[in-house]
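Listed below are the residues making up each chain.
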Amino acid sequence: MLKLSGKSVYKGIVMGPVVVFKNSDHQVKRKKIENAELEIERVETALEAAKEQLQKLYDKAVKEVGEASAAIFEVHQMMLEDEDYLDSIHNSIRTEMINAEYAVAVTGDNFSAMFANMDDDYMKARAADIKDISNRLVQNLEGKDGLDLSTMEAAIIVADDLSPSETVQMDKDKILAFVTVHGSTNSHTAILARMMNIPALIGVPVNLEEIQSGMEAVVDGFTGEVIFEPSVDLCSQTKIRIQEEKEKLELLNTLKGKENVTLGGKKINIYANIGSVGDVGYVLENDAGGIGLFRSEFLYLGKSDFPTEEEQFRAYRQVVQMMAGKKVIIRTLDIGADKQVEYFNLGKEDNPALGYRAIRICLKQPDIFKTQLRALFRAAVYGNLSIMYPMITSTEEVRQIYEIVNEVKEELDKEQIPYKLPEQGIMIETPAAVMISDELAEIVDFFSIGTNDLTQYTLAIDRQNEKLDDFYNPHHKAILKMIQMVVDNAHKYGKWAGICGELGADPELTKKFIRMGVDELSVAPSMILKLRKQIREMAD
């Protein structure tokens, strides 16, 4: 029995056979060539083949996980056209007179290492993408077809890391869990695991040479452990736990279609937080009343350039159509702070959490903002769409937003493009917004309280600084008093107020939030039915 620990990116427990995916890299031999231009022609042929392959993967991913999640394959196609990447390959061939396979492999290793050494977690995760496209090119140059991953049996996938190309080719119904040596919470594997509700561990120190496909294993997403060749006793205990989790899920499923209402008759809306179109299936599966937070910045994070109006429009339209009349609240882009995007050219800041981010970027660079607003207004025609603006600190900012909104409306009218002006609300996530929430309530349609940033800014504690964990207290009286103030001011002007931060899913505070008069809680989809159960058992 071998027990190893890692970081859990989705909780749950499963037991089953292992399928080990060894690193698809293999030793590419260096060969001397006579004709450099002939080798470069081979690279161009392999490139065209790779683009066709990626287009097929994109088409498959769109059907299975939606356009936004499939966009990674568009990114891969763009990477294949990157001048620096291609110039490096061509230069290696011409100056060293080496074969195309070796030039591609070395360039892939160099670029991947460059991304892996970056400070930003998102950019680090792109190292796997570089390796993926380079391996694809080498495979094409060698005339190999690659693995057929669609025929695998139900299993726990164990790998060094998994590329988007590998995960999208798998039959999703056959994946019991993911266990990887590397990867990050932003990796495609982690995102896929959360979307599919399957246990996943990253950062597990597995020696892939010692683990064999067919071995039995237990993956415990609650403890962050994987146990290979479990004992008979552990297998028995695991079967009991799996059955208990199944019964809990079945019990929760009986609450589908039921109201979120206390025994005393108080009602509250429970919505879901999502980051991509692909997450909508999970929202529907868990019977959320709507989407309280669609993080639109994920449409920007997976790109090497700004997403076009059409790309955004298609994603927003798809979400509202899938939600079939249920409310969908889309937050305008919240880039900056811990979500850096290179092509925004934001520059380095000493304190990015207090810097150039979110609505500040939109007001300073209105062309970016207008593109998103145009897409949102057009998508609003197809369903129940609302917009909320993040990081608001003043009524002046809201009025500036409305000026830009009017400009967008005039443009669409002039172009005779159908649109609808959605309900417009704001995020309350700064102490400034709390203190003037009475004034803000007069000019917006609703409030959504972002408790993560509100706690950070109120307590003057960087929520990503592990050294301050003992001081970070989201239950602080100041936070709860602020929430009460915001709710009271919203209701004073006939507006509704919800919570979309992590605190909304905190079961210790659910009863308090209902007593405060909070109208809506927006949480991770997996928490919907759990909160509904708790609310329906409350006396008041």
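Each remark here, short or long, concerns the structure printed above.
A brief look at the structure comes next.

Cut-off values and rules
- Residues numbered from 1 in each chain as written.
- Predicted model: local features only at pLDDT ≥ 70, side-chain atom pairs only at ≥ 80, totals over all residues.
- Heavy atoms only, no water.
- Helix = DSSP H or I, 4+ residues; strand = E, 2+ residues; numbered from the N terminus.
- Buried < 20%, exposed > 50% of the residue type's maximum accessible area, 1.4 Å probe, protein only.
- Contact = heavy atoms within 4.5 Å.
- Areas by Shrake-Rupley, 256 points an atom, 1.4 Å probe, with all protein chains shown as cover.
- Salt bridge = Lys/Arg side-chain N within 4 Å of Asp/Glu carboxyl O.
- Pairing = 2+ DSSP bridges.
- Axes fitted to C-alpha atoms, helices over the stretch in contact; angles between N-to-C directions.
- Parallel < 35°, antiparallel > 145°, perpendicular 65-115°, else oblique.
- Left-handed = near helix turned anticlockwise from the far one by under 90°.
- Nonpolar A, V, L, I, M, F, W, Y, C, P; charged D, E, K, R; others polar.
- Core = buried A, V, L, I, M, F, W, Y, C linked by side-chain atoms within 4.5 Å.
- Expected span 1.5 Å × (residues − 1).
- Arc of directions from axis to C-beta.
- Polar contact = N/O pair within 3.5 Å; in protein donor to acceptor, adjacent residues only side chain to side chain.

Re the overall build of the protein
Phase 1 of the analysis: A count of helical and extended segments in the protein gives 21 helices and 16 strands.
Phase 2 of the analysis: Taking all 540 residues of the protein together, 53% fall into the buried category.
Phase 3 of the analysis: Within the protein, residue pairs in contact and separated by at least 24 positions form 69% of the contacts whose partners lie at least 6 positions apart.
Phase 4 of the analysis: Total accessible area on the protein stands at roughly 24500 Å², and carbon and sulfur atoms take up 49% of it.

Digging into the pattern of salt bridges
Pairing between side chains becomes possible if they bear opposite charge and their charged atoms approach one another.
Phase 1 of the analysis: Evaluation of the coordinates by the stated rule reveals 22 salt bridges.
Phase 2 of the analysis: In this structure, Arg42 engages Glu101 in a salt bridge whose closest nitrogen and oxygen atoms are separated by 2.7 Å. Separated by 59 residues along the polypeptide, Arg42 in helix α1 (residues 36–65) and Glu101 in helix α4 (residues 100–116) bring together distant segments of the chain.
Phase 3 of the analysis: Taking the relative accessible area as the measure of exposure, Glu101 reaches 11% and is therefore buried.
Phase 4 of the analysis: Residues Lys51 and Glu81 are paired through a salt bridge, measuring 3.5 Å at the closest nitrogen-oxygen approach. Here the residue Lys51 occupies a position in helix α1, and Glu81 occupies one in the loop between α2 (67–79) and α3 (83–96), the gap between them amounting to 30 residues.

Some points on unusual backbone geometry
Phase 1 of the analysis: Located in the positive-phi region is Glu229, a residue other than glycine, with phi close to 50 degrees.
Phase 2 of the analysis: Structurally, Glu229 is set in the loop between β8 (225–228) and α9 (232–253).
Phase 3 of the analysis: One non-glycine residue with positive phi stands out, namely Met391, at about 60 degrees.
Phase 4 of the analysis: Of note, Met391 is situated in the loop between β12 (385–389) and α15 (395–415).
Phase 5 of the analysis: Residue classification places Met391 among the buried positions, given a relative accessible area of 1%.

What about the sheet that holds strand β7 (residues 216–220)?
Phase 1 of the analysis: Taken in spatial order, the eight strands make up an open sheet running β1-β8-β7-β3-β4-β5-β6-β2, and their pairing is mixed. Strands at the two margins of the open sheet, each flanked by one partner only, are β1 (2–5) and β2 (7–10). Across the sheet, the axes of successive neighbouring strands diverge by a mean angle of 30 degrees, strand direction being ignored.
Phase 2 of the analysis: Relative to β8, β7 is paired through four bridges, and the arrangement is antiparallel.

Topic: the packing of α9 against helix α21 (residues 528–536)
Phase 1 of the analysis: The geometry of α9 relative to α21 is characterised by a closest axis approach of 9 Å and an angle of 70 degrees between their N-to-C directions. What the angle tells us is that α9 and α21 run roughly perpendicular. For α9 against α21, the interelement crossing comes out left-handed. From α9, Leu251, Leu252 and Asn253 reach across to α21, where they touch Leu529, Lys530 and Lys533.
Phase 2 of the analysis: Class assignment for the residues of the contact of α9 with α21 results in three nonpolar, one polar and two charged.

Describing the pairing of strand β14 (residues 446–449)
Phase 1 of the analysis: Burial along β14 is two-sided: the face carrying Phe446 and Ser448 and the face carrying Phe447 and Ile449 are both buried.
Phase 2 of the analysis: Pairing geometry for strand β13 (residues 423–428) and β14, over three bridges, is parallel. Of the residues in β14, the one forming a bridge with Met427 is Ser448.

Notes on the sheet that holds strand β16 (residues 520–523)
Within a sheet, neighbouring strands are paired by backbone hydrogen bonds and run either parallel or antiparallel to one another.
Phase 1 of the analysis: On the basis of which strands lie adjacent, the closed barrel formed by eight strands has the order β9-β10-β11-β12-β13-β14-β15-β16 and parallel pairing. Averaged over neighbouring strand pairs, the angle between their axes works out to 25 degrees when direction is ignored.
Phase 2 of the analysis: One ladder, built from two bridges, connects strand β15 (residues 496–499) with β16; its direction is parallel. By the bridge assignment, Ile499 is partnered in β16 with Leu521.
Phase 3 of the analysis: This element, helix α14 (residues 366–379), spans β11 (327–331) and β12 of the sheet and lies at about 155 degrees to β12.

Looking at the nonpolar core
Phase 1 of the analysis: In terms of nonpolar packing, the biggest core is built from 82 residues, with Leu373, Tyr389, Phe447, Ile483 and Phe513 touching the most fellow members.
Phase 2 of the analysis: Beyond its immediate stretch of four places on either side in the chain, Leu373 contacts Ile387, Tyr389, Ile404, Val405 and Val408.
Phase 3 of the analysis: The next biggest cluster of nonpolar side chains, apart from the first, holds 35 residues, and it includes Leu47, Leu86, Ile89 and Ala105.

Thoughts on the environment of Glu74
Phase 1 of the analysis: Following the sequence through the fold, Glu74 ends up in helix α2.
Phase 2 of the analysis: Taking the C-alpha atoms as reference points, Glu74 and Leu54, separated by 20 residues in sequence, lie 7.6 Å from one another.

Observations regarding the packing of α14 against α15
Geometry of a packed helix pair, given as the angle between the helix axes and the separation of the axes.
Phase 1 of the analysis: Closest axis-to-axis distance for the α14/α15 pair is 10 Å, and the angle between their directions is 60 degrees. Taken together, α14 and α15 sit at an angle that is classed as oblique. Of the two elements, α14 crosses α15, and the hand of that crossing is right-handed. The segment α14 lies against α15, with Pro366, Phe369, Lys370, Leu373, Arg374, Phe377 and Arg378 engaging Ile401, Ile404, Val405, Glu407, Val408, Lys409, Glu411, Leu412 and Glu415.
Phase 2 of the analysis: Taken together, the residues of the contact of α14 with α15 sort by class into nine nonpolar, no polar and seven charged.

Thoughts on α3
Phase 1 of the analysis: Given a rise of 1.5 Å per residue, 14 residues ought to cover 20 Å, and the 19 Å separating the end C-alpha atoms of α3 matches this to within 8%.
Phase 2 of the analysis: Within α3 the residues assigned to the buried category are Tyr85, Leu86, Ile89, His90, Ser92 and Ile93. Projected down its long axis, α3 shows its buried positions confined to an angular sector of 155 degrees, all on one face. Counted as exposed and oriented over 90 degrees from the buried face of α3: Glu83, Asp84 and Thr95.
Phase 3 of the analysis: Where α3 begins, the capping side chain belongs to Asp82, and its oxygen is found 3.1 Å from the backbone nitrogen of Asp84.

Quick word on the environment of Val486
Phase 1 of the analysis: When you line up the elements, Val486 lands in helix α19 (residues 477–492).
Phase 2 of the analysis: On the accessibility criterion, Val486 (1% relative accessible area) is buried.
Phase 3 of the analysis: Val486 sits eleven residues away from Ala497 along the chain, and the two C-alpha atoms are 7.4 Å apart.
Phase 4 of the analysis: Excluding its chain neighbours within four sequence positions, the residues that come into contact with Val486 are Ile428, Val434, Ser437, Phe447 and Ile449.

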